[in-house]
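Coordinate inspection notes
Here is how the chains run, residue by residue.
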Amino acid sequence: MSLIEKTGLRLLHLLEPEAAHDIGLKLLRAGLAGGRGPVQSNRLKTNVAGIDLPNPIGIAAGFDKNAQAVPETLRTGAGFTEIGAVTPRPQFGNPKPRLFRLSSDRAVINRFGFNNCGMEAAYASLTARPVAGIVGVNLGANKDTEDKSNDYMAVLSRFQDIVDFATVNVSSPNTERLRDLQGRAAIDMLLGRVLERRDELGSGGKRLPIFLKIAPDLSLDNLSDIADVCLKRGIDAVVATNTTLDRRGLRSAGWQEKGGLSGRPLFQRSTEVLKQLYRVSDGRLPLIGVGGISSGEDAYAKIRAGASAVQMYSALVYEGVSHTGRVAKDLRNILARDGYASVAGAIGVDA
């Protein structure tokens, strides 16, 4: 981490977390984080659902909801990034305060409630500045929409031609009844409608990969149902996992705040979900690991558990956005240490 980024991070931590995040994005867009692009090496190259990634370290949805700093984010070393969640209409989200640092636990609690500027603003921001790299969009639904699938399809329709993948988000704990969509019948119907719209939009030739993001608080039966539906429907990858409602083992003040917990405490549970998904799908379902990643060893553990790529977010609160590049370089060295010529060789070896 550069002296400028280290100093900036310390100053940002003196501010209220959400204000600090907003200012941090503005500083990132101004180029203060530096960087020349994704960390690249033959050992780090990987493919997820037909998408060639220069390295498997991505930035998760939630970091840049409104696509404010996508080119600058990709210059800091990440192999890909995901904007959103984006909803059709602008949405304020839940009342503030709604973001809390749990510094002793290297964790974060948020109860944002899909706050964003809406799909038109995000689309305008993403198209206004050229992006060299892999970008996905996280599909969200407005809180007051009765049929959530209509909102997912609306955002998909808007972004179909300018992103590399789209993620159906049914796992945020901060939108009432959203997680109910993870049941077998509900997820089957939802994915069927989204995929049908994707195919209609791509009739001219482009087939946009569709991912599904799930919660960590699911039983093995739930995971088996989801894997079965995804395989039958032809979902391109599962993102595991979103934030958790579990609060066991936390030490920081503020641990009792409502919302989704992310960061280090989520690592073990989210990694176990990866292993379970890899097993129940017999390794046929591409997986993206999310939850508690803060080092190259963490990313390596996710890959060994079954992930083809990973995403980070909460660790950047404590280490800065350029930390993705450092994690990618560490992973490259770890793969070399253990004799793997590529990421693909390590996928699922512990599952």
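What this report covers is the structure whose coordinates are included nearby. (Residues numbered from 1 in each chain as written. Predicted model: local features only at pLDDT ≥ 70, side-chain atom pairs only at ≥ 80, totals over all residues. Heavy atoms only, no water.)

1. Comments concerning the pattern of salt bridges
Counted under the stated rule, the structure contains 23 salt bridges. For Glu18, the salt bridge identified is with Arg98, shortest N-O distance 2.9 Å. Linking Glu18 in helix H2 (residues 17–29) with Arg98 in the loop between strand E4 (80–86) and strand E5 (99–102), this pair joins segments that are 80 residues apart in sequence. Ionic pairing is found between Arg111 and Glu257, a salt bridge with its closest N-O pair at 3.0 Å. Linking Arg111 in the loop between strand E6 (107–110) and helix H4 (119–128) with Glu257 in the loop between strand E10 (237–240) and strand E11 (260–263), this pair joins segments that are 146 residues apart in sequence. For Glu257, a relative accessible area of 23% gives the class partly exposed. Counted as one network, the salt bridges with shared partners bring together Arg184, Asp225, Asp228 and Lys232. (Salt bridge = Lys/Arg side-chain N within 4 Å of Asp/Glu carboxyl O. Helix = DSSP H or I, 4+ residues; strand = E, 2+ residues; numbered from the N terminus. Buried < 20%, exposed > 50% of the residue type's maximum accessible area, 1.4 Å probe, protein only.)

2. Here's the deal with helix H6 (residues 184–201)
End to end, H6 covers 26 Å across 18 residues, agreeing with the expected 26 Å (1.5 Å per residue, within 8%). Turning to H6, its buried residues number three or more, namely Ile187, Leu190, Leu191, Gly192, Val194, Leu195 and Arg198. Those residues of H6 that are buried are in contact with helix H5 (148–159), strand E8 (165–169), strand E9 (210–214) and helix H7 (220–233). (Expected span 1.5 Å × (residues − 1). Contact = heavy atoms within 4.5 Å.)

3. Considerations on the sheet that holds E5
The strand order across the open sheet built from three strands is E5-E6-E11, with neighbouring strands paired in antiparallel fashion. The open sheet has two free edges, formed respectively by E5 and E11, since each of these has just one partner strand. Averaged over all pairs of adjacent strands, the angle between their axes in this sheet comes to 20°, without regard to strand direction. Bridge analysis of E6 against E11 gives four bridges, and the strand direction is antiparallel. Bridged to Ile109 within E11 is Leu261. (Pairing = 2+ DSSP bridges. Axes fitted to C-alpha atoms, helices over the stretch in contact; angles between N-to-C directions.)

4. Thoughts on the side chain of Asp298
Along the chain, Asp298 turns up in helix H9 (residues 296–305). Looking at Asp298, the relative accessible area reads 6%, which means it is buried. Other than its neighbours up to four places away in sequence, Asp298 contacts Arg264, Phe267, Gly292 and Ile293.

5. Some details on the pairing of E6
Of the two faces of E6, both are covered, the one formed by Ala107 and Ile109 as well as the one formed by Val108 and Asn110. Direction of pairing for E5 relative to E6: antiparallel, over a ladder of four bridges. Following the sheet pairing, Phe100 is matched in E6 by Ile109. Counted along the chain from E5 to the antiparallel partner E6, the turn is four residues long, and its residue Arg106 has a positive phi close to 50°.

6. Comments concerning the packing of helix H8 (residues 267–280) against H9
The axes of two packed helices give the description: the angle between them and the distance between them. Running from amino to carboxyl end, H8 crosses H9 at an angle of 25°, the nearest separation of the two axes being 8 Å. Judged by the inter-axis angle, H8 sits roughly parallel to H9. Counted together, Phe267, Ser270, Thr271, Leu274, Lys275 and Tyr278 of H8 and Asp298, Ala301, Lys302 and Ala305 of H9 form the full contact between these two elements. Counted by class, the contact of H8 with H9 contains five nonpolar, two polar and three charged residues. (Parallel < 35°, antiparallel > 145°, perpendicular 65-115°, else oblique. Nonpolar A, V, L, I, M, F, W, Y, C, P; charged D, E, K, R; others polar.)

7. Thoughts on the side chain of Asp151
Considering the arrangement of structural elements, one finds Asp151 in helix H5. No salt bridge forms around the buried Asp151; measuring N to O, its nearest opposite-charge neighbour Arg89 is 4.9 Å away. There is a polar contact of 2.8 Å between the side chain of Asp151 and the backbone nitrogen of Asn142. The contact partners of Asp151, leaving out residues within four places of it in the chain, are Pro88, Gly140, Ala141, Asn142 and Thr145. (Lys, Arg positive; Asp, Glu negative; His and termini not counted. Polar contact = N/O pair within 3.5 Å; in protein donor to acceptor, adjacent residues only side chain to side chain.)

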